[in-house]
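Here are the chains, one letter per residue:
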Amino acid sequence: MAVEDSSSSGSEQAWLQVVHTFIQKNLCSTSKDPCIHLVEAVVDCVKAIWASSGGTGGLYLPLSYSFVSVQELRTHQHLPCCSHLAWSSTEYQTWANKAGLDRVPLPRERLILVGTLTDLPGDLDPELRDGSLYVKDNSGTLDCELLDLNLSWLGHLFLFPSWSYIPSAWQRSLSGSGHLELLCPPVPVLPLGFNHDPETPIRVLYPEIAFHLLQHRSKFRRRQLHLAGQLVRLSTLVKTHGKTYFILSLGGPSSATTPVPIIVQIPSQLVWHHALRPGHSYVLTNLQISVIRGFSNRIWATGPSSHLMPLEPEHVQEFNVEELILETIPNLLPVPSSSQEHHNSIREVRMLSYKGTVTKVLNDSASLYELDGQLCLCLAYQQLPNNGRAIRPGAQLELQDVHFFQSVGGVPTLAPCLRGAVLLQGFSQQESLKQSPHSFCGVVLHLRLLLERHMGLPLYLWTARALEEITSKLCPHLLKHHQLLKSSASGTAGLGELLLAPTLDVLAPPGRSIRNVYQEIVEDPHHCPLQEYSLLQPPCSFPTLAALKEDAQCRAWATFDPMTLLPLTEVNHLPSYVLNARLAWSWVCLSPTFFQPPPVLLGVLVASSHRGWLQLRDQSGSLPCLPLPEPSQAFIDPRLIGSLVRLERFQLVVEREVKSTFPSWKELGIPGFIQERRTNIYVLFSLADALILPIHSPSSHHPSPRGPPQAKFPRLEGPPKGQSRLLLLSHKECLMKRNYQSSQGADPLPPKPTLSFHASGTWLGGIQRKEGNDWGLPEPLGDESQDQKVFLLFFGQSVRWFEFLHPGQQYRLIIHDSTQFPGLLKEGDSSPLSQRILESTGFTSCLIVQDDWILEPGNPQGIPGMLGISQGLSESSLTEILNGSSPGSFVSFSAEILSRTRCVSLSGTTQQGNSQTSRYGVKLTVALDAADVASPIPIDVYIEAPHSPLPLGLLPGARVYFQHLEKKVSRFQNVYCRFLPSSYLRILSFPTEAPVRSNFLLLLLSSQTISH
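Residues numbered from 1 in each chain as written. Predicted model: local features only at pLDDT ≥ 70, side-chain atom pairs only at ≥ 80, totals over all residues. Heavy atoms only, no water.

## Notes on the environment of tyrosine 354
Then, number 1: Turning to its location among the elements, tyrosine 354 is positioned in strand 19 (residues 350-363).
Then, number 2: Residues in contact with tyrosine 354, not counting those within four places in the same chain, are Leu371, Asp372, Gln374, Leu375, Leu397, Glu398, Leu399 and Leu414.
Then, number 3: A distance of 2.5 Å separates polar atoms of two side chains, one belonging to tyrosine 354 and the other to aspartate 372. (Helix = DSSP H or I, 4+ residues; strand = E, 2+ residues; numbered from the N terminus. Contact = heavy atoms within 4.5 Å. Polar contact = N/O pair within 3.5 Å; in protein donor to acceptor, adjacent residues only side chain to side chain.)

## Some remarks on the packing of helix 1 (residues 10-26) against helix 2 (residues 36-52)
Then, number 1: Packing of helix 1 against helix 2 brings their axes to within 10 Å, and their N-to-C directions diverge by 125°. Here helix 1 lies oblique to helix 2, going by the angle between them. Crossing angle aside, the handedness with which helix 1 passes helix 2 is right-handed. Across the interface between the two elements, Trp15, Leu16, Val19, His20 and Ile23 of helix 1 pack against Ile36, Leu38, Val39, Val42, Val43 and Val46 of helix 2. (Axes fitted to C-alpha atoms, helices over the stretch in contact; angles between N-to-C directions. Parallel < 35°, antiparallel > 145°, perpendicular 65-115°, else oblique. Left-handed = near helix turned anticlockwise from the far one by under 90°.)

## Structural notes on the pattern of salt bridges
Then, number 1: A complete count under the given rule lists 21 salt bridges for this structure.
Then, number 2: A salt bridge links glutamate 497 to arginine 448; its shortest N-O distance comes to 3.4 Å. With a gap of 49 residues between them, glutamate 497 in helix 13 (residues 495-507) and arginine 448 in helix 10 (residues 439-452) connect regions that are remote in the sequence.
Then, number 3: Its relative accessible area of 7% is what places glutamate 497 among the buried residues.
Then, number 4: Connected through shared salt-bridge partners, Asp143, Glu145 and Arg389 make up one network. (Salt bridge = Lys/Arg side-chain N within 4 Å of Asp/Glu carboxyl O. Buried < 20%, exposed > 50% of the residue type's maximum accessible area, 1.4 Å probe, protein only.)

## Focus on the sheet that holds strand 28 (residues 621-628)
Then, number 1: Sheet architecture is open: eight strands sit in the order 25-30-31-28-27-26-29-32, paired in mixed fashion. The sheet is open, and its two edges are formed by strand 25 (585-590) and strand 32 (690-693), each paired on a single side. With direction set aside, neighbouring strand axes in the sheet form an average angle of 35°.
Then, number 2: Where strand 25 lies against strand 30 (residues 651-660), six bridges are found, and the strand directions are antiparallel. (Pairing = 2+ DSSP bridges.)

## Some remarks on the state of the cysteines
Then, number 1: Following the criterion strictly, the structure yields one disulfide and no others.
Then, number 2: A disulfide bridge connects cysteine 28 with cysteine 35, and the sulfur atoms are separated by 2.2 Å. Taking the sign of the torsion about the S-S bond as the criterion, the disulfide between cysteine 28 and cysteine 35, at about 95°, is right-handed. Each member of the pair, cysteine 28 as well as cysteine 35, is classed as buried. (Disulfide = S-S within 2.5 Å.)

## Overview of helix 11 (residues 457-474)
Then, number 1: In this model helix 11 runs 26 Å from its N-terminal to its C-terminal C-alpha over 18 residues, within 8% of the 26 Å that 1.5 Å per residue would give.
Then, number 2: Along helix 11, 14 of the 18 residues are buried, which leaves the element largely enclosed by surrounding structure. (Expected span 1.5 Å × (residues − 1).)

## Observations regarding helix 13
Then, number 1: End to end, helix 13 covers 19 Å across 13 residues, agreeing with the expected 18 Å (1.5 Å per residue, within 8%).
Then, number 2: Listed as buried for helix 13 are Leu495, Gly496, Glu497, Leu498, Leu499, Leu500, Ala501, Thr503 and Leu504.
Then, number 3: Turning to helix 13, the residues buried within the fold contact helix 10, helix 11, helix 12 (481-485), strand 26 (601-607), strand 29 (644-647) and strand 32.

## Describing the confidence of the model for the protein
Then, number 1: Scored by pLDDT, the protein has a mean of 83; 83% of the residues are at 70 or more.
Then, number 2: Ignoring residues within four places in sequence, the model shows residues 1-7, a span with pLDDT below 50, making seven contacts including any to other chains.
Then, number 3: Per-residue pLDDT stays below 50 along residues 911-917; that stretch engages in seven contacts with residues further than four places along the chain or on separate chains. (pLDDT = per-residue confidence, 0-100.)

## Structural notes on the side chain of threonine 244
Then, number 1: Examined against the element boundaries, threonine 244 turns out to sit in strand 13 (residues 243-251).
Then, number 2: Excluding its chain neighbours within four sequence positions, the residues that come into contact with threonine 244 are Asp130, Leu237, Val238, Lys239, Gln265 and Leu270.

## Some remarks on the nonpolar core
Then, number 1: In terms of nonpolar packing, the biggest core is built from 55 residues, with Leu601, Leu605, Leu616, Leu652, Val683, Phe794 and Leu847 touching the most fellow members.
Then, number 2: If you tally residues by element for this core, the top one is strand 35 (residues 752-771), at five residues.
Then, number 3: Membership of the second largest hydrophobic core comes to 50 residues, among which are Leu133, Cys144, Phe160 and Leu205. (Core = buried A, V, L, I, M, F, W, Y, C linked by side-chain atoms within 4.5 Å.)

## Notes on the environment of valine 18
Then, number 1: Checked against the element boundaries, valine 18 lands in helix 1.
Then, number 2: For the pair valine 18 and phenylalanine 67, spaced 49 residues apart in the sequence, the C-alpha separation amounts to 8.6 Å.

## Re the packing of aromatic side chains
Then, number 1: A complete count under the given rule lists 19 aromatic pairs for this structure.
Then, number 2: Considering the side-chain rings of phenylalanine 405 and tyrosine 533, the 4.9 Å spacing of their centres and the 65° angle between planes classify their relative orientation as edge-to-face. You can see phenylalanine 405 sitting in strand 22 (residues 396-408) and its partner tyrosine 533 sitting in the loop between helix 14 (517-522) and helix 15 (545-558), a full 128 residues away along the chain. We note that phenylalanine 405, like tyrosine 533, is buried.
Then, number 3: Taking 5.7 Å as the distance between ring centres and 40° as the angle between the ring planes, the aromatic pair formed by phenylalanine 662 and phenylalanine 673 counts as tilted. Placement of the pair is phenylalanine 662 in the loop between strand 30 and strand 31 (674-686) and phenylalanine 673 in the loop between strand 30 and strand 31, with a sequence separation of 11 residues.
Then, number 4: Look at phenylalanine 662 and you get buried, because its relative accessible area is 1%.
Then, number 5: Through a chain of ring-to-ring contacts, the aromatic side chains of Trp15, Phe22 and Phe67 assemble into a single cluster. (Phe/Tyr/Trp six-rings, centres within 6.5 Å; stacked < 30°, edge-to-face > 60°.)

See below:
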C-alpha cells in the first residue's frame, strides 16, 4: 500500500508527514536511510490496530493520536498516564471502573509508542544486564514491565497498543526515570523470524535422573546435558556480592519427584525470569554440574551456550545414561523426597500459594501492603526486581511458596522469602500517590536492619511500626526525613538506627547467623528467617508527647481519691479550710512500667524563654523536663540544647491541683464539691540514663551516641568570632516576673511584669579574642585592684539560660558581634536600666544579657596562672538555722522534702478591682540532717506568689539545696524560712521511691510545724 494515497484528506497527509519525520528521527538506523518501507510498516500496523478498536468514527487513521519518543516521555510526561490505541472509550471506561469508586484511574493520553524490546541497558556493557527489560528507540531507553515475555520478542521493533507510564516521582526507585507497564502483548512492526523445530529430537534428562547425577559430579563434570521438566519453583532475582542470578527447580508430574535446582547467572539469560511460569514445562540445554561457593551441595548451572525453550514431547527424547552410571549407581531407584506438607507440619509457619489484589500500601518503606482488604503482605524478605515498582494498589499478584502467619500483629500475614515467587498477574489501573523523596532512604534502613540483625517477622513488623512512630514524632519540622532515615553504606548508623539500637541490641544483637541464600532457596528442609516464629510482646513504644501527657493525665485523675490523701487519724477532726487546703495539691509519679508497652520518651531538648524550663519537644507538643547529671551535680552544659534525647528510664510526674469546697470529710465522695481541676505534667530523668544524639547539619558527619555535644545554643553559622570572658558565678536569684521598662526613648512605655532573673559573679581574667578555633590569651587588666564583680540581668530570650546557671560554676560569656559591643565585657552596660541597677545593688559593672549572646561551661586550661576554680555549696550550720534570736538573717542549707501543701500567702491578699482575693503559696516541710541528732529536724519553707512559675521537682522525697532564704520566727517562737526574690534553689536528687497515689506524708516530725 502506498502511504501517500491521492484520496487521503489534507489532515491525513499532514499526519502522515509528521509520522514520517518522527520515524526517520527516532526509529531509522541512519539518517541517510529513507526508511520508506519502515514508515509503511508502522502505518499499516497502526491502521490494523486502530480498525480493531471499533470506535474509529469512519477514519482510517487515528488523527487524534501522536507518536511519542522515549526521550519525550521521560522529559515531558511528569504525571502518570495510560494510552490504549486499540480501545474504544467504552472499553477504557470499563477498565478504569475496576480501580474502584474511591480511586482515581490513570488518565488517558492519545499517544502512540513504537520501540525495540530489549534487555540491554542502553549503550552499556552487555555483561551488565540484570534481567530488566527496556523499550528502546534512537532517543534513549526506558524501563518496562510486562506480564509474560516471549524470548523471541527481544531485539525486535514493536508497536505497543496499550501501556501505562509511571514517572520516577511516583515509584520507589533511584533510577531517576519512569517506567512503562505493557498492558497487552506488543504488536510486531515487521514479521518475526520463524523458529524452526529441531531436526532431530533433543536428548534430555528428567529430574529423577538429573538429581542423582548431582551426587557424582566428577564423572560428568565435562558433559553438557539437557534437562526437561515442569517448573515447580522459581526464586526471585537475587543480587549478592555484585552478581545477579536466580534459581529454578524442575520437577516431574508426581509430587514424589525430588525437584532438581538449576542456577541461572549468565547476564544474557537473566531475562528468562520474565518468561518462566510455574506449572509450565521447559527444556534447558547445555547444563553442567557446578559447585557454588558458600553452598555445600552441587547444582546444575547454565552456560553461555544454554537455551530455554518450551517442552514439546514430540521434539524430545529421554537420554539413556544407564551405561554411564551403572558402575557408580548399580541400583538406581527414585528416592521420594520429603513433601512440603511434611516439613511444614513440624513448623509453626505454613507455606502456601495465593492470588490476590493489592488494596493498600501499609508502609512503603517497610514493603508492607494490604491484600484483598484482609491480609498483610510483607515483601521485605525478598529482593524484588526494580524494587517492586509495579506493585501498588490495584496490582494483581500471584504468590508462590510464601510463608503464612496466622496471627502476627493481629493480622494474618503472607511473607515470601528468597525461595518464593511474587508474580505480577495484572497491572494497576489506579493513579497511585506520589512517592516522597525520602521513601527510598527508609527502604534502605529497613533492609539494613533486617539483614544485619537477622530479624524474624514479628520483630521486623515491630521495628517498622517503631520507625513509623518515630518519623511521625520528629519529621519534617524537627528533623528532615533523610537525617532520620539515612543509612550509610560504610556501616555508620544513622539517627533512626541509633534510636532503635538499645532495644534491638537486646532482642536481636548484630552479628548473629548470616542468611545463606542458596540454602534458603534450594535446600530441604527449608531454612530461612521466616521458618519459625513466636509471638512478640512489644518491647516498647514511641508515643507522641501529647498522647503520653493525655494518658498520664487520665491515669492520674482515675486514681484521685480525696480520702486517701488525708491522714486517717485526723480526717474526722479537720476543719473545712484545712481539709480543702490539703486536697489542693497532690501528685502521681508514673514510671514506664505502669504503661503497656513501656513508652520510650523521645524528643529534642529545648530551653523555654517563656517559662525558664527545659523541655522535650516533638511535633505534637512539648513536655517540661528536669535532667540531673549525677546526684548533687549541676546541669551546666547548654551545648546539649538541640540534641535528640531518648529515655527508657524516667519518672513522669503529674501534679494535681484542686479547688474544692468540701464542708467536711463526710462529703469527700461527692465530686460536685470540686470546682476546678488542673494538672502540671513533667518528666524527671538522669542524664546517665539518656541517649543523647547531636543533630548535625546536613554537611556534618554521622552522629555518635553520648559523644561530645556539638550543637551550641543558639546555633551559629561558621566558626565563632568576637570576644569572650570567663566568669565565676557566685549567686543566682529566682525566676519571677519583675517590672522593667519595656522600651527606651523619648516616650517610654510604663514598666510591666517581665519574666527575668539576676545573677552575679566575678570575672576570671581579662577579655579573650578568637584565634582560629581557640580563644587567645586574656588581655591584661588595666587596674589589678579594680573590683571584678559583675551583675547580670536576664530577660526576654535570655531567660533560656536559667536552668544552666548555678553558683560555684565557671562559664564563658561570648559576644560574637564585637563591633556592636566593643568594650562591653570590660566596662559594662551604660543603659539607664543598668545604671539604676548599679545604684540599687552597689555593683560597679552591670550587663544586660542580649538574646544572641552565648554562655557555655568555662575552661581555663591553657591560660597561664589560671587554675580551675570551683566553689562548693555553702551551707549554714544547724545552730545558725534554728537559732531564733536573729530573725531576718539569711541561711542556706540542703534538706529532704517531707511534704508539700498549698497555703495562703504570708503577705495576705491582693486587690483585684473592687474585691480582694487571697494569694496562695507553697509550704514545704523539709528535714534538716544533723550528725548529732538521732532523727531529722523539720522546718517549713514558704514559697509565695509571685514566685511563679514554681521550679520543677519540688516533691516529697526530693533533696533540695536552698540559698539565701530569709529566716523568720513565728509568734510561737518556731523558726521557719521564706523564699525571697533573691533566693536560689536547686534539686539535688529525685525522690527515690515515688508514690503512685499521694504525696502527703504527715510524719510525726512534721507535727512540730506551726500554722502562721
